[in-house]
Amino acid sequence: MRLLFEMDKKDYENCTHSFVRNSARSIIISNKKLAMIHSMRYDYYKFPGGGIENGENPIDAMIRETQEEAGLVVKPETVKEYGYVHRIQRSGKDATECFIQDNYYFLCETEDDVVSQCLDNYESDENYVLAYVDPQVAISKNSRVTQSPYDPMMFEREVKVIQLLMSEGFLD
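In this text the structure is predicted, and so the values were computed from the model without any measurement.

Undergrad: I tried to follow the pattern of salt bridges on my own but got confused; where do I start?
TA: Close approach of charged atoms lets side chains of opposite charge pair. For the coordinates displayed, the defined rule picks out 11 salt bridges. The salt bridge partner of K141 is D43, with a shortest N-O separation of 2.8 Å. Of the two residues, K141 sits in helix 3 (residues 135-143) while D43 sits in the loop between strand 5 (33-39) and strand 6 (44-46), which places them 98 residues apart along the sequence. Residue class for K141 comes out partly exposed when judged on its relative accessible area of 25%. Ionic pairing is found between R64 and E65, a salt bridge with its closest N-O pair at 3.1 Å. Overall, the relative accessible area of 23% leaves R64 in the partly exposed class. Overall, E65 belongs to the buried group, its relative accessible area being 8%.

Quick notes on the rules
- Residues numbered from 1 in each chain as written.
- Predicted model: local features only at pLDDT ≥ 70, side-chain atom pairs only at ≥ 80, totals over all residues.
- Heavy atoms only, no water.
- Salt bridge = Lys/Arg side-chain N within 4 Å of Asp/Glu carboxyl O.
- Helix = DSSP H or I, 4+ residues; strand = E, 2+ residues; numbered from the N terminus.
- Buried < 20%, exposed > 50% of the residue type's maximum accessible area, 1.4 Å probe, protein only.

Purely geometric numbers; function is a separate question.
What follows is the structure, encoded as structure tokens:
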């Protein structure tokens, strides 16, 4: 899978150990809009997806997470690798820990019917909802997030992926 870009804060020189948490995300395009998760609490957009469990491959994780978060059922035969983003930085919780994450993105199509979400507690607290959003709206919202418990790199990552999709003609 191709590297889309790296996000490296270079702030981990004093780290003594690493924590790796890779994720897999779906890119679903319909009528020039992106299927994204909208956090109603913090007003940002993210691609459906999440953490890859031990022993799980990235495609299976993406399919599972997309259904859990968005209620969208991915058609496995439509899945195509898009690329990954490599992120590395000092942990926000432990100054001796380096956080490393590869975020794998897959282009895919989904079934027409939407099923019930199966959200984790924090996802429910944020009131995650599926939204088909104009790419410029997602870029604008994510560029202005001021309050959230997340590192701003997450919002920047999603903006950069959307911009890549646009520059490569996927949203024409």
